[in-house]
Amino acid sequence: STDNVAMEYGLKFHIDWLKGQKTGFFVDQRENRSLLERYAKGRSVLNMFCYTGGFSVYAMRGDAKLVHSVDSSAKAIDLTNKNIDTRHAAYAEDAFKYLDRMGDQYDLIVLDPPAFAKHRDALRNALQGYRKLNVKAFEKIKPGGILFTFSCSQAVSKENFRTAVFTAAAMSGRSVRILHQLTQPADHPVSIYHPEGEYLKGLVLYVE
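**Brief notes about the environment of Gln 29**
Step number 1: When you line up the elements, Gln 29 lands in the loop between β2 (11–16) and α1 (30–39).
Step number 2: Residues Gln 29 and Phe 150, spaced 121 residues apart in sequence, show a C-alpha to C-alpha distance of 10.0 Å.
Step number 3: One polar contact links Gln 29 to Asp 112, side chain to side chain, over a distance of 3.3 Å.

Rendered as structure tokens:
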């Protein structure tokens, strides 16, 4: 079987090493998943681009009221369902479609999309993508909600990403403040001569 189990901070994850995206599991988000667990208690959580449900599993352990996971890949959703069984629903659906049709029941949203820009030529479209995605989350998140929003596009700098997210906040008319600025863990080091090596950027935002 290609199905394997990995352990992370005491949690077990079913992973498809052979056919899964990249390694089948993204260890670069482990500290950020752990941080999310501390915010999850009593909240209704939406994990967009959930892949195998990493953030969802942590949210469950953090005592979230309910967790919904969304990914366009039905295979990823199967693995997510293997990793979580209660107080949880998973949907194989396009992210933008789901964000359009969802209500305003969520007060913790995770946006962890795949790289929108693999190279510099795609930068403009990528920034539009991040802006569009974040506007939808800002418009629908409950007052007092928390948004974990990420970019793993190497071509998108920290400043680019912040600008896209700030523009989205302004477009939604919500009052937003930064709680945390996130990056990759120490075992994904960045050479001072290669700033693009800091590919993972994240913001944790409080939305009034």
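Anyway, onward from the coordinates.
**Things to note about the sheet that holds strand β3 (residues 44–48)**
Step number 1: Taken in spatial order, the seven strands line up as β5-β4-β3-β6-β7-β9-β8 in an open sheet, and their pairing is mixed. In this open sheet, the two edge strands, each paired with only one partner strand, are β5 (88–92) and β8 (176–182). Looking at each pair of strands side by side, their axes are set apart by 15° on average, direction ignored.
Step number 2: Pairing analysis gives seven bridges linking strand β7 (residues 145–151) to strand β9 (residues 201–207), with the strands arranged antiparallel. Across the sheet, residue Thr 149 finds its bridge partner in β9, namely Leu 203.
Step number 3: Sheet strands touched by helix α2 (residues 54–61): β3, β4 (66–71), β5, β6 (108–111) and β7. Its angle to β4, the strand with the most contacts, is close to 180°.

**Digging into the pattern of salt bridges**
Step number 1: With the rule as written, the count across this model stands at 10 salt bridges.
Step number 2: For the salt bridge of Asp 100 with Lys 136, the shortest nitrogen-to-oxygen distance reads 2.4 Å. In this pair, Asp 100 sits in helix α4 (residues 95–101) while Lys 136 sits in helix α5 (residues 123–140), placing the two residues 36 residues apart along the sequence.
Step number 3: For Glu 198, the salt bridge is made with Lys 158, and the minimal N-O distance between the two is 3.5 Å. Of this pair, Glu 198 sits in the loop between β8 and β9 while Lys 158 sits in helix α6 (residues 158–172), and the two are 40 residues apart along the sequence.
Step number 4: Of the residues examined, Lys 158 reaches a relative accessible area of 40% and is grouped as partly exposed.
Step number 5: Salt bridges here are not isolated pairs; linked through shared partners, they connect Arg 30, Glu 31 and Asp 187.

**Side note on the pairing of β5**
Step number 1: Sheet topology places β4 next to β5; five bridges connect them, and they run parallel. What sits directly across from Val 70, in β5, is Tyr 91.

**Points about the environment of Tyr 51**
Step number 1: Its place among the elements puts Tyr 51 in the loop between β3 and α2.
Step number 2: Separated by 18 residues in sequence, Tyr 51 and Ser 69 have C-alpha atoms that sit 8.5 Å apart.

**Brief notes about the packing of aromatic side chains**
Step number 1: In total, this model carries five aromatic pairs according to the counting rule given.
Step number 2: An angle of 85° between the planes, with centres 5.6 Å apart, marks the rings of Tyr 130 and Phe 161 as edge-to-face. You can see Tyr 130 sitting in helix α5 and its partner Phe 161 sitting in helix α6, a full 31 residues away along the chain.
Step number 3: What makes Tyr 130 buried here is its relative accessible area of 0%.
Step number 4: Classification of Phe 161 by relative accessible area gives buried; the value is 1%.
Step number 5: An aromatic cluster of at least three residues, connected via ring pairs, comprises Phe 116, Tyr 130 and Phe 161.
Step number 6: In this structure, Arg 101 is placed above the aromatic ring of Tyr 91, and the distance from its NZ or CZ to the ring centre is 5.9 Å.
Step number 7: The ring centre of Phe 96 lies 4.8 Å from the NZ or CZ of Lys 132, which sits over that ring.

**So, the packing of α5 against α6**
Step number 1: Running from N to C, α5 and α6 point in directions that differ by 40°, and their axes come no closer than 8 Å. Between α5 and α6, the angle falls in the class oblique. In this structure, α5 meets α6 at a crossing whose hand is right-handed. Contacts between α5 and α6 pair Leu 123, Leu 127, Tyr 130, Arg 131, Asn 134, Val 135, Phe 138 and Glu 139 from the former with Asn 160, Phe 161, Ala 164, Val 165, Thr 167, Ala 168, Ala 169, Met 171 and Ser 172 from the latter.
Step number 2: Considering only residue class, the contact of α5 with α6 consists of 11 nonpolar, four polar and two charged.

Definitions and cut-offs
Per chain, the residues get numbers from 1 upward, laid out in the order the sequence is written. Predicted model: local features are reported for residues with pLDDT of at least 70 only, side-chain atom pairs are reported and counted for 80 or more only, and whole-chain, interface and lining totals are derived from all residues. Processing note: side-chain calculations cover all non-hydrogen atoms of the structure and skip hydrogens and water entirely. Comment: elements are numbered from the N terminus, with helices defined as DSSP H or I runs of at least four residues and strands as E runs of at least two. Pairs of N or O atoms within 3.5 Å make up the polar contacts considered here, provided that, within protein, one atom can donate a hydrogen while the other can accept it, and that residues adjacent in sequence are counted only when both atoms are side-chain atoms. Only strands that DSSP links by at least two bridges are regarded as paired with each other. Lines fitted to the C-alpha atoms define the axes, with helices restricted to the stretch that makes contact. Angles between their N-to-C directions range from 0 to 180 degrees. Should any heavy atoms of two residues lie within 4.5 Å, those residues are counted as being in contact. Every case where a carboxyl oxygen of Asp or Glu lies within 4 Å of a side-chain nitrogen of Lys or Arg is listed as a salt bridge. Partly exposed residues are those whose accessible area sits between 20% and 50% of the maximum for their type, while under 20% is buried and over 50% is exposed, using a 1.4 Å probe and protein chains only. Think of it this way: a Phe, Tyr or Trp ring, Trp meaning its six-membered ring, pairs with another when their centres are within 6.5 Å, and the plane angle makes it stacked under 30 degrees, edge-to-face over 60, tilted otherwise. Geometrically, a lysine NZ or arginine CZ counts as sitting over a ring once it is within 6 Å of the ring centre and also within 35 degrees of the ring normal. Each angle is binned into one of four classes, with values under 35 degrees roughly parallel, values over 145 roughly antiparallel, values of 65 to 115 roughly perpendicular, and all other values oblique. What makes a crossing left-handed is the near helix being turned counterclockwise from the far one by less than a right angle; a clockwise turn instead makes it right-handed. Any residue outside Ala, Val, Leu, Ile, Met, Phe, Trp, Tyr, Cys, Pro, Asp, Glu, Lys and Arg is labelled polar, Gly included; the first ten of those are nonpolar and the last four are charged.

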